[in-house]
Amino acid sequence: MSTFLAVANHSRQGQTDEYIHAESADHKIVVASIVLLIVSTAFALLTGRACASSCGTGEYLVILSPALGIMLLVYGCGQVYLRKRLGDLLLQLTQPLYPGCSDVPVTLYFIAGLGHGMRRSAETYPLALEVVCTHEDRSGENASTKILWSKKFKDSHIAHGTGVLDFTLRLPADLPASGNLGRTEIKIIWKLQVKMLGTKVSFVLPVKLATAS
């Protein structure tokens with residue numbers, strides 16, 4: 001069973017560490033929203049005018065198409081705000097991860113301290129951690145993502161101002177390591193998902209094949 005423990009400050013010396021930055025796709029949502037808004041508005045205007053006289057639905061196209069882009073833009077901006085409120089995170093691995101590994105120490109750093117970006121701070125904040133192994137197939141027209149395995153940690157509350165979160169990872173031995181499966185379009189991806197303060201942050205985990213000792 002995976003466990004974790006929050007501490008105020010922590011440092012390790014004399015170890016070979018690997019640091020992983022969190023994925024940041026929120027800005028892509030905003031950019032995609034703006035592009036969609038421009039394209040949908042132009043499409044709505046052109047199609048709406050051409051269709052207004054014949055089918056009578058032109059005015060609906062003019063309203064609905066840009067509205068979808070605006071809704072996506074609002075959602076993207078909201079996600080950027082929530083992500084900024086959480087602050088920068090950094091994951092530290094002190095030992096390699098591989099299928100079948102047990103109790104590998106992992107450290108999650110809240111660079112500015114947990115809750116630093118909150119307008120109204122609280123004594124503690126709820127935290128949910130989950131490790132997910134997915135199979136992604138982008139080889140055909142119908143791209144697919146399938147979850148092969150996932151493990152949720154026990155939900156907990158972390159104190160305001162916490163800078164470091166220590167926990168351990170244990171991965172099943174009957175799953176593949178990270179990487180491509182024969183072709184670049186088909187791959188295995190391991191992720192650690194951190195859910196707190198209304199948003200979710202993911203770290204891509206480098207799960208490698210175990211080396212013979």
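Residues numbered from 1 in each chain as written. Predicted model: local features only at pLDDT ≥ 70, side-chain atom pairs only at ≥ 80, totals over all residues. Heavy atoms only, no water.

**Student:** Help me out: how do you make sense of the pairing of strand β5 (residues 124-137) in this one?
**Tutor:** If a strand is regular, its side chains alternate between the two faces of the sheet. Judged by how many residues are buried, β5 sits mostly within the fold: 10 of 14 residues are covered. Of the pairings in the sheet, the one linking β5 to strand β7 (residues 156-159) comprises 4 bridges and is antiparallel in character. Among the inter-strand pairings, threonine 124 is bridged to a residue of β7, identified as alanine 159. Note that β5 and strand β10 (residues 183-196) share 10 bridges and pair antiparallel. (Buried < 20%, exposed > 50% of the residue type's maximum accessible area, 1.4 Å probe, protein only. Helix = DSSP H or I, 4+ residues; strand = E, 2+ residues; numbered from the N terminus. Pairing = 2+ DSSP bridges.)

**Student:** Please clarify how the packing of aromatic side chains should be interpreted in this entry.
**Tutor:** Describing an aromatic ring pair means giving the distance of the ring centres and the angle of the ring planes. For the structure shown, the criterion picks out 2 aromatic pairs. Measuring from centroid to centroid gives 5.6 Å for phenylalanine 153 and phenylalanine 167, while their planes differ by 90 degrees, and the two rings are edge-to-face. Residue phenylalanine 153 is found in the loop between β6 (144-152) and β7, and its partner phenylalanine 167 is found in strand β8 (residues 164-169); the two are separated by 14 residues along the sequence. Phenylalanine 167 matches phenylalanine 153 in its accessibility class, with the two residues each being buried. (Phe/Tyr/Trp six-rings, centres within 6.5 Å; stacked < 30°, edge-to-face > 60°.)

**Student:** Could you clarify how one ought to interpret the nonpolar core in this entry?
**Tutor:** Inside soluble globular proteins, nonpolar side chains tend to come together where they are buried. By size, the foremost hydrophobic cluster in this structure holds 36 residues, and its most contacted members are Phe167 and Phe203. Breaking this core down by element, the ones donating at least two residues are β3 (89-93), β4 (104-110), β5, β8, β10 and β11 (199-205). Apart from the residues lying within four places of it in its own chain, the contact partners of phenylalanine 203 are Ile20, His21, Ala22, Leu89, Leu90, Leu91, Leu108, Trp190, Lys191, Leu192 and Val194. (Core = buried A, V, L, I, M, F, W, Y, C linked by side-chain atoms within 4.5 Å. Contact = heavy atoms within 4.5 Å.)

**Student:** Hey, could you run me through the pairing of β4 in this one?
**Tutor:** Across the 7 residues that make up β4, a large majority, 7, are buried. Pairing analysis gives 5 bridges linking β3 to β4, with the strands arranged antiparallel. Paired with leucine 93 across the two strands is valine 106, which belongs to β4. Here β4 runs beside β8; their pairing, made up of 6 bridges, is antiparallel. The partner of leucine 108 across the bridge, within β8, is leucine 165.

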